[in-house]
Amino acid sequence: MSDHKDIDVHSYLAEFDDIPGTRVFTAKRARKGYWLNQFAMSLMKAENRERFKADERAYLDEWDMTEAAKLAVLARDYNAMIDEGGNVYFLSKLFSTDGKSFQFAAGSMTGMTQEEYAEMMLKGGRSPDGVRSIKGGY
Amino acid sequence: MARVTAGLTSSHIPALGAAIQTGTSNNDYWGPVFRGYDWVKEWIAKDENKPDVVVLVYNDHASAFDMNIIPTFAIGCAESFKPADEGWGPRPVPDVVGHPDLAWHIAQCLILEEFDMTIMNQMDVDHGCTVPLSMFFGEPDAWPCKVIPLPVNVVTYPPPSGNRCYKLGQAIKRAVESFPEDLKVQVWGTGGMSHQLQGPRAGLINKDFDLKFIKQLINDPETLRHMPHIEYLRDAGSEGIELVMWLIMRGALGPKVEELYRFYHIPASNTALGVLALEPAA
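As the structure is a prediction and not an experimental result, all values here were calculated from the model.

(A) Representation of the nonpolar core in the model. Residues and elements named next belong to chain B. The biggest cluster of nonpolar side chains holds 68 residues, and the ones touching the most others in it are I106, L150, L168, I172, F213 and Y232. In terms of residue count, helix α6 (residues 162-177) provides more of this core than any other element does, 7 residues in total. Ignoring any residue separated from it by four or fewer positions in sequence, one finds F213 in contact with M193, L224, M227, Y232, L243 and W246. Counting 41 residues, the second-largest nonpolar core is a separate cluster that includes A19, A78, F81 and V147.

(B) Layout of the pattern of salt bridges. Residues and elements named next belong to chain A. Counted according to the given criterion, the structure contains 18 salt bridges over all chains. The salt bridge partner of E119 is K123, with a shortest N-O separation of 3.4 Å. Taking relative accessible area as the criterion, E119 reaches 37% and is therefore assigned partly exposed. Salt bridges linked by common partners bring R57, D61, E67 and K70 together as one network.

(C) Local environment of a negative patch on the surface. Residues and elements named next belong to chain B. Taken together, the side chains of D52, E79, D101 and E181 present a region of like negative charge at the surface. You can see D52 is positioned in the loop between α3 (38-45) and β2 (53-58). You can call D52 partly exposed: its relative accessible area is 31%.

(D) Representation of the sheet that holds strand β8 (residues 184-190) of chain B. Residue and element names in this part refer to chain B. Taken in spatial order, the 6 strands of this open sheet run β7-β2-β8-β1-β10-β9, and their pairing is mixed. Since the sheet does not close on itself, it has two edges, and those belong to β7 (146-151) and β9 (257-268), each with one partner. For this sheet the average axis-to-axis angle between neighbouring strands, irrespective of direction, equals 15 degrees. Where β2 meets β8, 5 bridges bridge the pair, whose relative direction is parallel. Bridge pairing in β8 places L56 opposite W188. Of the strands in this sheet, β1 (3-10), β7 and β8 touch α6, which is tilted by about 145 degrees from β1.

(E) Molecular detail of helix α4 (residues 46-54) of chain A. Residue and element names in this part refer to chain A. Buried within α4 are the following residues: N48, R49 and F52. Take α4 and look down its axis: the buried residues cluster within an arc of 100 degrees, on one side only. Along α4, the residues that are exposed and aim more than 90 degrees away from the buried face are E47, E50 and A54. In this fold, the buried residues of α4 make contact with α3 (34-42), α5 (56-60), α6 (67-74) and α8 (88-97).

(F) Highlighting the interface of chain B and chain A. Counting residues at the interface gives 45 residues for chain B, matched by 48 residues for chain A. For the pair chain B and chain A, the summed buried surface comes to about 4,000 Å²; carbon and sulfur atoms form 58% of the total. It is B:M67, B:R201 and B:R234 that lose the most area in chain B upon contact with chain A, and together they represent 17% of the buried surface on that side. Linking chain B with chain A are 3 salt bridges, by the criterion used here. A:R49 is paired through a salt bridge with B:D85; the nearest N and O atoms lie 3.4 Å apart. The interface formed by chain B and chain A includes 28 residue pairs in polar contact (both at pLDDT 80 or more).

(G) Here's a closer look at α8(A). Residue and element names in this part refer to chain A. The buried fraction of α8 amounts to 10 of the 10 residues, a majority that puts the element mostly inside the structure. In the core, the buried residues of α8 are packed alongside α3, α4, α6, α7 (78-83) and α9 (102-108). Just downstream of α8, G99 is the residue with a positive phi angle, here 75 degrees.

(H) Structural detail: the packing of helix α4 (residues 100-112) of chain B against α6(B). Residues and elements named next belong to chain B. α6 packs onto α4 with a crossing angle of 125 degrees between their chain directions and a minimal axis gap of 9 Å. Between α4 and α6, the angle falls in the class oblique. For α4 against α6, the interelement crossing comes out right-handed. On α6, the residues that touch H105, I106, C109 and L110 of α4 are L168, A171, I172, A175 and V176. In terms of residue class, the contact of α4 with α6 is built from 8 nonpolar, 1 polar and no charged.

Here is what the cut-offs are and how they apply
- Counting restarts for each chain: residues are numbered from 1 in the order of the written sequence.
- Here the convention is simple: chains get letters from A, ligands get numbers from 1, in the order in which they are written.
- Owing to the predicted nature of the model, reporting of local features is limited to residues with pLDDT of at least 70; listing and counting of side-chain atom pairs is limited to 80 or more, with chain, interface and lining totals taken over all residues.
- No hydrogens and no water enter the side-chain calculation; it runs on all heavy atoms of the structure.
- Buried Ala, Val, Leu, Ile, Met, Phe, Trp, Tyr and Cys residues that are joined via side-chain atoms within 4.5 Å together make up what is termed a nonpolar core.
- Think of it in three bands: with a 1.4 Å probe and only protein chains considered, a residue is buried below 20% of the maximum accessible area for its type, exposed above 50%, and partly exposed in between.
- The numbering of helices and of strands both runs from the N terminus, where a helix is a DSSP run of H or I of at least 4 residues and a strand a run of E of at least 2.
- Here a residue-residue contact requires only that any non-hydrogen atoms of the pair lie within 4.5 Å.
- A pair is scored as a salt bridge if a Lys or Arg side-chain nitrogen falls within 4 Å of a carboxyl oxygen belonging to Asp or Glu.
- Each patch groups residues whose relative accessible area exceeds 30% and which form no salt bridge, using 9 Å between like charges and 5 Å between nonpolar side chains of Val, Leu, Ile, Met, Phe, Trp and Tyr.
- Areas reported as accessible are Shrake-Rupley estimates using a 1.4 Å probe. Residue values count occlusion only from the protein chains shown.
- Note that His is not counted, nor are the chain ends; the positive residues are Lys and Arg, and the negative ones are Asp and Glu.
- Charge positions are represented by NZ for Lys, CZ for Arg, CG for Asp and CD for Glu.
- One bridge is not enough; two strands pair if DSSP finds at least two bridges between them.
- Every angle, taken between N-to-C directions, lies between 0 and 180 degrees, and every axis is a line fitted to C-alpha atoms, over only the stretch in contact when it is a helix.
- This arc corresponds to the set of directions leading from the helix axis out to the C-beta atoms.
- By convention, the term buried area covers the 1.4 Å-probe accessible surface removed from two parts as they join, with the contributions of both added.
- Polar contacts, as counted here, are pairs of nitrogen or oxygen atoms within 3.5 Å of one another; within protein the pair requires one atom able to donate a hydrogen and one able to accept it, and residues that are adjacent in sequence qualify only if both atoms are side-chain atoms.
- When describing relative orientation, an angle under 35 degrees is termed roughly parallel and one over 145 degrees roughly antiparallel, while 65 to 115 degrees is termed roughly perpendicular and anything else oblique.
- By definition, any crossing whose near helix is turned counterclockwise from its far helix by less than a right angle is left-handed, and any crossing with a clockwise turn is right-handed.
- Just so you know the grouping, Ala, Val, Leu, Ile, Met, Phe, Trp, Tyr, Cys and Pro go in nonpolar, Asp, Glu, Lys and Arg go in charged, and all remaining residues, Gly too, go in polar.

Written out as structure tokens, the structure is:
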């Protein structure tokens, strides 16, 4: 008996676009964001953090990133960074360099203030109702 | 012979490590979370329960692995592993001491069982690995047991399926049971529960999903292991996919388990947090 299962990678991936407010880190995004994520990784080294803080633009120009990605980093616009293929675990090196927490970064992507976001979490977080599926509306 | 004596689950969020470091683990926010670990801390400190080795299943958060190398399943075979500098300096915790003999033994068995493991002879371990150690063992000068870190890719899609993770756990159990030394081995599944750290939907928490997941993990893993990724993503948030790692722990315990302890808490920073202690049952 064969273990082979028919897997349709296209429909597997297409379903991800049906989740509201969510960008799944697919191969396509991983390729687009390669240098942005590698830049973020470089901030794990103390000497790189110092050089970045001293002149952010000059440090970013050392990387083969899109201009949009560089501007998103300079603006600390985490949604825009994710649109450019950034992944939050890589980008965590950037907000850690800024002395910021995961809660700060996650909150900044919701359009809420940090206080409003923290309050939502204290009250049990964002309900999944209505934000599971765009097409299904559930 | 070595045997798998228990399985634990824990969150591994960096904020827990930060709470220990800043001395805030007893405040109004973190106190209830840390007290939720007290039962397991006391249980695991007893001689009869203390593991000789922990196979610690976690995901690396862009620390040991960058975008150049993305192993689906890796296993740490080194003598020891240093805490990674994740951008704020390494966590001030002891080095993680490995068990290369058992790690290599497990790696060989898994490869013969057709799991293509990546063998790590040099690897720094990040909060995914060290925070659960702190939560269960506190702040000792040295960790009280050997640790075999087992990082799983749950960041770049596709991660392994729940079914694949469950089968890996089953294979780990067989590997442990064929190791000639008399060792008590625990398997820990870390991460989760429901959470999303990115995009406008960040902050998602799904208590109903989490509690059902725990129930099925304990009583009906045969159904749970077949849950597709899209259901984790829709219901448990984009980072809730970490829960597939709990299925590795569950697979390693055998078909039936006894629940020793359960703790569920919302919120721990952005996440729902689940602690389980399970034992294989006859």
